[in-house]
Amino acid sequence: MKTNPQNKSFRLANSPAVVKLALMELVQTDQEIDDDVRASIKHALTSDPSGRTLSRVKVFVDLTEFQHIQRNAGEQKWDYAALQYCIARQAHFPMLQALFKTVTRRHVQIIRNELKAPLPATNITVIPSTELIQIFDAWKHIQASYQHETERWVALGEEFPQWPLSSLYTAIVIEGTQPLDAQNLTSGGLNAYD
């Protein structure tokens, strides 16, 4: 395939079979094609076995939407892996709901069962003040290094694997008064576990 110089997302499909299929599709589905052009296309498809006429027809494929779909699929895979990570690391439901807008308690429970992950503790484990300084320093660095809130919490969880995410969240958001993506999760309450 060759690139169309006017638009980098368009590629030239120069296979005679592709050209024939594209023209057949146009004849059958495109109502805006002039009747004379439609007749010419039908004639070229049926009476030009050498394909000389068809060889001069160019079919360009726009890859923009395909690239968009692929990019979204990659993001969805990462989001699902991050959701699994957060569930396995004992994030409580209000935190999960803030990070993953469409997640439901039922979905969380299904994933938790698949992972055989424990429920978040109903009493948050308090992190000693000696470690809180390290956690706050790491959080400042993580906020500067990662653009998305979910990435930040995964990074913080990775840096402090000894603490469940519910405890890290309490340290950063509740005790540290750091809003989670400008949302106040305390309205859901820390007792809103699933």
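As the structure is a prediction and not an experimental result, all values here were calculated from the model.

**Quick word on the overall build of the protein chain**
Of the regular secondary structure elements, the protein chain holds eight helices and three strands. From first element to last, N terminus to C terminus, the protein chain shows the α and β order β-β-α-α-β-α-α-α-α-α-α. Here the protein chain, with 194 residues, has 36% of them falling under the buried criterion. On the protein chain, roughly 12300 Å² of surface is accessible, and the fraction owed to carbon and sulfur atoms is 54%.

**Things to note about the pattern of salt bridges**
Two side chains of opposite charge can pair, provided their charged atoms sit close to one another. Enumeration over the complete set of coordinates arrives at one salt bridge. Here R152 makes a salt bridge to E149, at a shortest N to O gap of 3.0 Å. One end of the pair is R152 and the other is E149, both in helix α7 (residues 149–159) and three residues apart, which spans about a single turn.

**Quick notes on the nonpolar core**
Formed by 33 residues in total, the largest nonpolar core has its most connected members in C86, L96, W153, L156 and L168. Broken down by secondary-structure element, the contributors of at least two residues to this core are α3 (64–88), α4 (93–99), α5 (105–115), α6 (129–145), α7 and α8 (165–175). A total of six residues in this core trace back to one element, the largest contributor, which is α8. Once you skip the residues sitting within four places of it in the chain, L168 turns out to touch I127, I135, W153, L156, G157, F160 and W163. Counting residues in hydrophobic clusters, the runner-up holds seven residues, among them V19, V27, I41 and L54.

**Some details on the packing of aromatic side chains**
Evaluation of the coordinates by the stated rule reveals two aromatic pairs. Note on W139 and W153: the rings are 4.6 Å apart at their centroids and 45° apart in plane angle, and the pair reads as tilted. With W139 in helix α6 and W153 in helix α7, the pair connects residues that are 14 residues apart, well separated along the chain. According to the relative accessible area criterion, W153 is buried, its value standing at 0%. Within the aromatic cluster, the residues linked to one another by ring pairs are W139, W153 and Y169.

Parameters and conventions
- Residues numbered from 1 in each chain as written.
- Predicted model: local features only at pLDDT ≥ 70, side-chain atom pairs only at ≥ 80, totals over all residues.
- Heavy atoms only, no water.
- Helix = DSSP H or I, 4+ residues; strand = E, 2+ residues; numbered from the N terminus.
- Buried < 20%, exposed > 50% of the residue type's maximum accessible area, 1.4 Å probe, protein only.
- Areas by Shrake-Rupley, 256 points an atom, 1.4 Å probe, with all protein chains shown as cover.
- Salt bridge = Lys/Arg side-chain N within 4 Å of Asp/Glu carboxyl O.
- Core = buried A, V, L, I, M, F, W, Y, C linked by side-chain atoms within 4.5 Å.
- Contact = heavy atoms within 4.5 Å.
- Phe/Tyr/Trp six-rings, centres within 6.5 Å; stacked < 30°, edge-to-face > 60°.

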